[in-house]
Amino acid sequence: MLFHWVWGGGQGPLKVKFFVRDDVDFDNVDDLPVTQEFELARENPVDAEHPVRVAKFSRVRALTVFIESNHGDDTTRINYFALKGVFSHLKTEPVVAEYEVKPMPGDIRNRLETMGGAMGM
């Protein structure tokens with residue numbers, strides 16, 4: 001699994017924490033073990049992909065993404081966020097969901113088709 005962000009300048013995320021659990025909230029986020037942390041560059045290339053540790057992200061049923069800080073602005077802005085992984089058969093029915101706040105030209109589905117991959121969507 002890997003993730004992809006698009007942002008620009010001081011509003012982009014700096015410290016990001018991934019939790020493979022669904023009980024994370026603002027009251028307990030500092031007390032729970034983090035599955036993986038990232039410190040992202042201020043200017044992220046559009047095609048940059050950030051791999052996660054495979055052993056920590058197998059059999060993910062719930063993922064919480066906590067953006068701890070940004071690059072100095074008062075607000076954090078993310079124009080695009082995507083997760084990409086490899087399909088594996090499950091013993092229960094998977095939930096396939098895709099969320100976009102603002103559709104963008106060349107979204108992830110188009111990129112995957114040009115790369116020759118498919119995520120079963």
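What counts and what doesn't
- Residues numbered from 1 in each chain as written.
- Predicted model: local features only at pLDDT ≥ 70, side-chain atom pairs only at ≥ 80, totals over all residues.
- Heavy atoms only, no water.
- Pairing = 2+ DSSP bridges.
- Helix = DSSP H or I, 4+ residues; strand = E, 2+ residues; numbered from the N terminus.
- Axes fitted to C-alpha atoms, helices over the stretch in contact; angles between N-to-C directions.
- Phe/Tyr/Trp six-rings, centres within 6.5 Å; stacked < 30°, edge-to-face > 60°.
- Buried < 20%, exposed > 50% of the residue type's maximum accessible area, 1.4 Å probe, protein only.

Colleague: Talk me through the sheet that holds strand β3 (residues 36–39); I want residue IDs and the actual numbers.
Modeller: Ordered in space as β3-β2-β5, the 3 strands form an open sheet in which the pairing is antiparallel. The outermost strands of the open sheet, each flanked by one partner alone, are β3 and β5 (64–70). Strand-to-strand twist across the sheet, computed as the mean angle between neighbouring axes with direction ignored, equals 15°. As judged from the 4 bridges shared by strand β2 (residues 13–19) and β3, these two strands associate in the antiparallel manner. The residue bridging Phe-18 from the neighbouring strand is Gln-36, located in β3.

Colleague: Which residues make up the packing of aromatic side chains, and what are the values?
Modeller: One pass over the structure, following the stated rule, counts 3 aromatic pairs. Ring plane angle 65° and centroid distance 5.4 Å describe the contact between Phe-18 and Phe-38, whose orientation is recorded as edge-to-face. Taken together, the positions of Phe-18 in strand β2 and Phe-38 in strand β3 put the pair 20 residues apart, joining distant regions of the chain. Judged by relative accessible area, Phe-18 falls into the buried class, the value being 0%. When the centroid spacing of 6.2 Å and the interplanar angle of 75° are considered together, the rings of Phe-18 and Phe-57 count as edge-to-face. Note that Phe-18 is positioned in strand β2 and Phe-57 in the loop between β4 (50–51) and β5, a separation of 39 residues in sequence. Phe-57 matches Phe-18 in its accessibility class, with the two residues each being buried.

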